[in-house]
Amino acid sequence: MTNRERIDCLAENAALPHAELRRLLLEHSPAEAELLFARARTTRERVYGKAVWLRGLIEFSSYCKNDCYYCGLRRSNAKAERYRLTAEEIYACCANGWALGFRTFVLQSGEDPWFTDARLCEIVAEIRRRWPDCAITLSLGERSRESYAALRTAGAERYLLRHETANAAHYARLHPAELRLASRMDCLLELRTLGYQVGCGFMVGSPGQDVDCLLDDLEFLCAFRPQMVGIGPFLPHGETPFAQEAPGTLEQTLFLLGVIRLLLPGVLLPATTALGTVHPLGREKGLLAGANIVMPNLSPVGVRKKYLLYDNKICTGEEAAECRLCLQRRVESVGYFIESARGDAAGWGTDGVF
Ligand code: 5AD
Ligand code: FES
């Protein structure tokens, strides 16, 4: 097969034999990448039209009990400034976001045991009470089944938990021994069973990632069929063991966005902040490679510089309203428009067929 045939096969069948996908990932020209992006856009527009949905990100705690080698919030980073938003501060972010047209709030934090189930459930229930029409997404890392169940009952409907890598050896290269791929996968299955719309994902170009790791990731995505897939380039943080590692590239991230759009035509695919950090037009290019979600920050400006997963993170000085306008301009500059709606995955609530 030629790369053109491989891309056409992906577009027509939402599948490609392993060996052919391997060859496509390993070597392709810029013109072939453009062809992939064109096919990904066609697929995305067939399923979702030209709409881009918003997710308002509220980074409510920078405390984390974990020590992932890549992340600036790791517990061993003594230089990280830690903060927790109060419940009222979180509601103020939601109120601001609602006025700006956000209909999904993503509550994200490090793995912070201070936020017990009781505290979190109260916050989720109160957001549900005050903004009954919004979608509540949680991104709190690994918790117990009971915790996920209680939060679901309190009103959370979606959960983002990146699997980080579907290859166990690679997972061990990125995390200390107490964190295990099997636990991560168990969490994802629990979330699915509890009726959450689930998002997983991985970093592109993380240390030790090779083409076979990526193939494992893609194979996992095809088997698990998440509602959302978040990917962005790995970016080093100076106070982590990976400080000297090379960042992931724009090109490879875009190529994977295109491939994922074709493998999972109805998936929600964000153009991430990390993509906007690696290149000033990264998010626009992401939209043109098949992405259909943007996730502006709703956190108070005063805490934004304290939630640094990686160095040089964008949007740490802008107010939510500024990011909202900035993203609207960016989305419109590539021929799409922002839709102020919850933006569930295509097929959600029906028979799941895209
Ligand atoms: N570079 C890019 N992405 C990162 N994340 C954490 N640290 C980094 C980094 N250094 C991603 C992880 C995590 C998500 C919240 O942010 O994939 O799941
Ligand atoms: Fe925050 Fe552009 S999205 S300033």
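Here the structure is shown first, and the text comes after it.
Conventions adopted
Each chain carries its own residue numbering, running from 1 in the direction its sequence is written. Working convention: letters from A go to chains and numbers from 1 go to ligands, in the order in which they are written. A pLDDT threshold of at least 70 governs which residues receive local features in this predicted model, and a stricter bar of 80 or more applies before side-chain atom pairs are shown or counted, although totals over entire chains, interfaces and linings include all residues. Working from all heavy atoms in the structure, the side-chain values ignore hydrogens and water. For two strands to pair, DSSP has to find at least two bridges joining them. Helix and strand labels come from DSSP, where a helix needs a run of H or I of at least four residues and a strand needs a run of E of at least two; each type is numbered from the N terminus. Where helices are involved, their axes are fitted lines through C-alpha atoms of the stretch in contact, as for all axes, and angles between N-to-C directions lie from 0 to 180°. Whether a residue is near a molecule or strand depends on its heavy atoms: it is near if one of them lies within 4 Å of it. Any pair of N or O atoms that falls within 3.5 Å is considered a polar contact. Within protein, one atom must be able to donate a hydrogen and the other to accept it, and sequence-neighbouring residues count only if both atoms are side-chain atoms. Under the scheme applied, nonpolar residues are Ala, Val, Leu, Ile, Met, Phe, Trp, Tyr, Cys and Pro; charged residues are Asp, Glu, Lys and Arg; polar residues are all the others, including Gly. Accessible area is worked out with a 1.4 Å probe on protein chains only. A residue is then buried under 20% of its type maximum, exposed over 50%, and partly exposed in between. The arc under discussion is defined with respect to the helix axis, by the directions toward the C-beta atoms. Contact between two residues is taken to exist if any of their heavy atoms lie within 4.5 Å; hydrogens are not considered. The handedness rule is simple: strands pointing away from the viewer, and a clockwise path from the first strand over the helix to the second, make the crossover right-handed. Oblique is the label for any angle not under 35 degrees, not over 145, and not in the 65 to 115 range, which are roughly parallel, roughly antiparallel and roughly perpendicular in turn. Handedness of each helix crossing follows the sense of rotation of the near helix against the far helix: counterclockwise by less than a right angle gives left-handed, clockwise gives right-handed.

Undergrad: What exactly am I supposed to notice about the sheet that holds strand 5 (residues 158-160) here?
TA: As a general point, the strands of a sheet are linked pairwise by backbone hydrogen bonds and lie either parallel or antiparallel. The strand order across the open sheet formed by six strands is 2-3-4-5-6-7, and the pairing between neighbours is parallel. Of all strands in the sheet, those bounded by a partner on one side alone are strand 2 (56-61) and strand 7 (228-233). Averaged over all adjacent pairs, the angle separating strand axes in this sheet is 20°, with direction ignored. Where strand 4 (residues 135-139) meets strand 5, two bridges bridge the pair, whose relative direction is parallel. If you follow threonine 137 over to strand 5, its bridge partner there is arginine 158.

Undergrad: Mind showing me how you'd approach the sheet that holds strand 10 (residues 337-339) here?
TA: Across the sheet, which stays open at both edges, the four strands sit in the order 8-9-1-10 with parallel pairing between neighbours. In this open sheet, the two strands that pair with only one neighbour each are strand 8 (270-271) and strand 10. The sheet contact formed by strand 1 (residues 51-54) and strand 9 (residues 293-294) spans two bridges and is parallel. Within the sheet, the bridge partner assigned to tryptophan 53 lies in strand 9 and is isoleucine 293.

Undergrad: Would you explain the site of ligand 1 in this entry?
TA: The immediate surroundings of ligand 1 are formed by Tyr70, Cys71, Gln108, Arg162, Glu164, Met203, Pro233, Phe234, Leu235, Leu309 and Tyr310. In the model, an oxygen atom of ligand 1 is placed 3.0 Å from a nitrogen or oxygen of the arginine 162 side chain. At a separation of 2.7 Å, a nitrogen atom of ligand 1 approaches a polar backbone atom of leucine 235. Looking at the shell around ligand 1 residue by residue, the classes come out as eight nonpolar, one polar and two charged.

Undergrad: Whenever I open this one, helix 2 (residues 18-26) confuses me. Can you help?
TA: Turning to helix 2, its buried residues are Leu21, Leu24 and Leu25. End-on, the buried residues of helix 2 take up no more than an arc of 95°, which puts them together on one face. For helix 2, the exposed residues lying more than 90 degrees away from the buried face are Ala19, Arg23 and Leu26. In this structure, the buried residues of helix 2 make contact with helix 1 (3-13), helix 9 (211-224) and helix 10 (250-263).

Undergrad: Looking at this structure, how should I read the pairing of strand 7?
TA: Each regular strand shows side chains that alternate between the opposite faces of the sheet. Along strand 7, six of the six residues are buried, which leaves the element largely enclosed by surrounding structure. Along strand 7, one buried face is formed by Met228, Gly230 and Gly232 and the opposite face, lined by Val229, Ile231 and Pro233, is buried too. For strand 6 (residues 197-204) and strand 7, the ladder comprises six bridges, and the chain directions are parallel. The partner of glycine 199 across the bridge, within strand 7, is methionine 228. With helix 9 bridging strand 6 and its parallel neighbour strand 7, the resulting β-α-β unit is right-handed.

Undergrad: What is the right way to read the packing of helix 2 against helix 10 from this model?
TA: Across the interface, helix 2 lies against helix 10 with an axial gap of 11 Å and an inter-helix angle of 150°. Here helix 2 is positioned roughly antiparallel relative to helix 10, judged by the angle of their axes. Classified by chirality, the crossing of helix 10 by helix 2 is right-handed. Touching Leu21, Leu24 and Leu25 of helix 2 are Phe255, Leu256 and Val259, all from helix 10. Class assignment for the residues of the contact of helix 2 with helix 10 results in six nonpolar, no polar and no charged.

Undergrad: Is there a simple way to think about unusual backbone geometry in this case?
TA: Peptide bonds are mostly trans, and most non-glycine residues show a negative phi. Phi is positive for arginine 225, which is not a glycine, with a value near 50°. Residue placement: arginine 225 occurs in the loop between helix 9 and strand 7. The exposure class assigned to arginine 225 is partly exposed, which follows from its relative accessible area of 39%. Here the phi dihedral of cysteine 315 falls at roughly 65°; this positive angle occurs in a residue that is not glycine. Assessed through its relative accessible area of 18%, cysteine 315 is described here as buried.

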